Each structure stands twice: as structure tokens, then as C-alpha cells.
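Chain by chain, the residues:
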Amino acid sequence: MDQSELLYGRAVKVMPGGVNSPVRAYRSVNMCPRFIARAHGPFVYDEDGRRYIDYVCSWGPMILGHNHPVIREAVEKAVKDGLSFGAPTKREVEMAELMVELVPNIEMVRMVNSGTEAVMSAIRLARGATGRDKIIKFEGCYHGHSDCLLVNAGSSALAGGHPSSAGVPEDIVKHTLTAQFNDLASVEALLDAWPGQVAAVIVEPVAANMGVVGPAPGFLEGLRRLCDQSGALLIFDEVITGFRLALGGAQAYYGVKADLVTFGKIIGGGMPVGAYCGSRALMEQVAPCGPVYQAGTLSGNPVAMAAGLAQLTYLRDHQEIYPELNRKAVWLAGELRRSAEKHGVSVAVNQVESVLSPFFVPTEVTRFTDAKGSDLQRYAQYFAGMLRRGVALAPAQFEAMFLSAAHTEAELEETAQAADQALAELVS
Ligand code: HOZ
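Described below are features of the structure shown in this document.

Thresholds applied
Counting starts from 1 at the beginning of each chain's written sequence and moves along it residue by residue. Where local features are concerned, this predicted model is filtered to residues with pLDDT of at least 70; where side-chain atom pairs are given and counted, the filter is 80 or more; whole-chain, interface and lining totals use all residues. Calculated side-chain values reflect all of the structure's heavy atoms, with hydrogen atoms and water omitted. The term disulfide is used for any two cysteine sulfur atoms that are within 2.5 Å. Per-residue accessibility, obtained with a 1.4 Å probe over protein chains only, is compared with the maximum for each type, and a residue is labelled buried under 20%, exposed over 50%, and partly exposed between these values. By definition, any uninterrupted DSSP run of H or I lasting at least four residues is a helix, any uninterrupted run of E lasting at least two residues is a strand, and each is numbered from the N terminus. Note: two strands are recorded as paired if DSSP finds a minimum of 2 bridges between them. A cutoff of 4 Å decides nearness: a residue is near a molecule or strand if any of its heavy atoms lies inside that distance of it. Here a polar contact means two N or O atoms within 3.5 Å. Within protein one must be a hydrogen donor candidate and the other an acceptor candidate, and residues neighboring in sequence count only if both atoms are side-chain atoms. Each accessible area is a Shrake-Rupley estimate made with a 1.4 Å probe; only the visible protein chains count as cover when residues are assessed. Gly is put with the polar residues, along with every residue not named as nonpolar or charged; the nonpolar set is Ala, Val, Leu, Ile, Met, Phe, Trp, Tyr, Cys and Pro, and the charged set is Asp, Glu, Lys and Arg. Only one rule defines a salt bridge in this text: a Lys or Arg side-chain nitrogen within 4 Å of an Asp or Glu carboxyl oxygen.

What follows covers the state of the cysteines. The full count for this structure, using the stated rule, is zero disulfides. Of the cysteine sulfurs around Cys141, a residue in no disulfide, the closest is that of Cys227, at 14 Å. On the basis of relative accessibility, which here comes to 0%, the residue Cys141 falls in the buried class. Unpaired in this structure, Cys277 has its nearest cysteine sulfur neighbour in Cys289, at a distance of 15 Å.

Turning our eyes to something else, we now look at the pairing of strand E11 (residues 348–352). Burial runs high along E11: four of the five residues are buried. Across five bridges, the pairing between E11 and strand E12 (residues 355–359) is antiparallel. Within E12, the position partnered with Asn350 by the bridge is Ser357. Between E11 and the antiparallel strand that follows it, E12, lie two residues; Glu353 among them carries a positive phi value of about 50 degrees.

Another aspect to go through is the site of the ligand. In the neighbourhood of the ligand, the contacting residues comprise Ser21, Val23, Arg24, Trp59, Tyr142, Ser155, Ser156, Asn209 and Glu399. Here a nitrogen atom of the ligand and a side-chain polar atom of Glu399 are 2.8 Å apart. For the ligand, the protein covers 87% of the area, taking 290 Å² as the surface of the free molecule. Residue composition of the shell around the ligand, grouped by class: three nonpolar, four polar and two charged.

Before going further, it helps to examine the pattern of salt bridges. Tallied over the full model, the rule gives 19 salt bridges. Here Asp171 makes a salt bridge to Lys174, at a shortest N to O gap of 3.8 Å. Classification of Asp171 by relative accessible area gives exposed; the value is 55%. In the salt-bridge network here, residues are joined through shared partners; they are Asp2, Arg34, Asp46 and Arg50.

As C-alpha cells, then:
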């Protein structure tokens, strides 16, 4: 037995499924999870000291690679001044100023502690500001685990076979309407069916919790138009896309304005941070300025702000990272396609900038129904083959693969070789 197996044996006795977040239990790949002891650059190391090239990247935020010196030093410096004050700090102001500078169409920021909290609060704000109750989300999109959004959700909710959760009252989710990603007609139909009642349409601009599925041309623009026509607010959940597709996130990348934007872990450099942002008029509806209540002792935590400020400042000052990340992702996606074709394995590789997903399907994947058609058994075998060769992918088909600036040509080559062998195994 290795250390991960031993720890997992202890963990399942005291934690549900042995984990603090379901996808980490590796259930959809039928394996024992790796317990990670440390991480550096493009690598994570398990408790036995085995090294893996990491494409989970803490589910996105480690865009500069693990344990980046600039972020680590900022955290070390902040820790010396104290861990939590429950009071305003200079760093929060600097952080909000920087976000307003970098993200299009936002004038104010409210910090929270996670993407879940950011989205939950943005929905409350949208409802408070419009006086409407209904929201529209997309099947297979994931916006955290707050009650009203755990409906037809993606990510590990989908991988675990529970796209909607027990414990969420019908009375709450009756206000959550579900449309189809990349299908404007499905949104229009809901808006027509509930005239004047939809507070917001919330979308991951690039769906990344059904695997990666980019927006079809005109989809995001269409959402903007439909929201303008109906008086609903458009919320971009940029927990994955923010500061990743581009410095200004999906709004900048696709040239589409959102009314509210939510961010998660990436703005904390991996520390627990989230934020929701929008125009002054909207954000001043939030307490203490307005009637929409939301609060938190750890919101704007000084250590988390130090990490986030260091990461966003670094990204602002090193924007060459973005084309470089894209170049690496295009190369890797190309290698995966080439190997799949060589070995006669049906794989569709979706890639948008530095997020990508292989789906084990014979067709293109442009909709949730296509993504759901992926052969999950094959993904599990492929995952196991990659892990054996020292490459850590997301342990579930419906998650994304993230690249970081720390992945060099050497790691990419090693990954492509591992993928070639793992794909060959699928047909042997
Ligand atoms: N659902 C999250 C990823 N999309 C899980 C994160 C985690 O387990 O850390």
C-alpha cells in the first residue's frame, strides 16, 4: 500500500467519501485519489514523493504555476502583519482598483471567499435590483453549490450522477429555469414563457464544467440582446475564464458586455477568494449602500488579498503569458488529435486558450448533449494511463484541463508522449 492508499483508508472513516470536495474522491475514474504533499511550477508531488505534471492547477487559479515566488513572497510578507482583521485594509482598495482597471465594464467590486459565494451573491443582487425572481441557467453549466444553482449542474455534480441536489427545496428551485448552452432559441422560449419575470441569465462564457465547450459564434452576443430586450441582467460567471482567456476575461475576449461578473479562486492566486462586480448603479444596491444584504468576516482577508494582488499585478505586467499559453494549448490539442487518429480512437479535443478537454466521442462537441455522449469508461482508462505515466488530469470527464505559464516544452512533450501511449492502450 502506498501513502495515498493509507491516507484514503483513514480519510473515508472521518470525511464523507474521504474528501472535502466530491470530484477529488476519483470516483468517476474508479481509483484511489492521490494525496498531494506539495506542488511546484507545473508539478504536484504525492505523499510518496511521486511527481506528476499537473493539469488540474487547483482547478484553474495556478495560471503562473504552483508556488510562484512572487505570490509566495507576497503571502509571507502579509502573514507577518496578521492573518485576519475583520476590518478594511489598504490591500482591498488596491485590489478593487486593479480589478476595475483590468476588467471591462465594471466600476465596483465586492470581495467574498469563493466562486460559489460570489455567484450566490450576484444572483441575490440581480433579483434585488430587478425585483424579479426567476433566473435562467444552462444545463451542464456549474456555478457553485448554492441552492438555486444546483439544478442541472455540471462539474462533479454531473460526474457523480446528481446534477441536482437532495436537500434543495422545490420552492427555491422553481425559480431556476434551465436553457441549453449554445441554443439561443431555448433562452428566448423561457423569456417568452416568463415575461418580465427573469432577473438574470447566468452563463459560463466558456462552459468548462461539462468539459470545455466554447460559445458558438453569436451565442454570447445573442444572450446580450435577449437580456436587453427582456430587462434581465446578464451575468458572466468568470470563475474559470476570468484572467485566463485574457487579462480582461471573457468580456474582453469575446467583446460582449456583462452586467455582473463573478470571479473565484484565480483572483486569490489559489487562496480562497471570490468577487462579484458590476456598474456603480448595480453594486450600490449592496449593503451598506443598498437593500441587498451580504457580509463576511473573511471577505477581503489580508493574506488572500496579498496573494491575489500579486497574481493580478504579475499578469498585468506580463501579458505575453496569454499568447504563449494559447500556443502551448494549441500544440497539445493538436498532438492529442494526431495520436487519437493514429490509434483509431474517437476523440474530440475542445480547446479555448489555455483550457481544453478531450471527449471520447466520434462527433464534434458543441452542446451539452454531445459532451454527455462521451465514453466515460474510456476517459477513466485514459486518465489511469496518464496518471501511471506521471500526468495528472482532472479525475472526471466533465472538468477541464488547465495549462499554466510554468508548463515548458519539456513537460508538454512528456505529456504528448504519455497521451500517445495511453491512447494506444485503449485499443490494444
Ligand atoms: N467542482 C470543482 C471543480 N470544478 C471542484 C473543485 C475541488 O474539488 O477542488
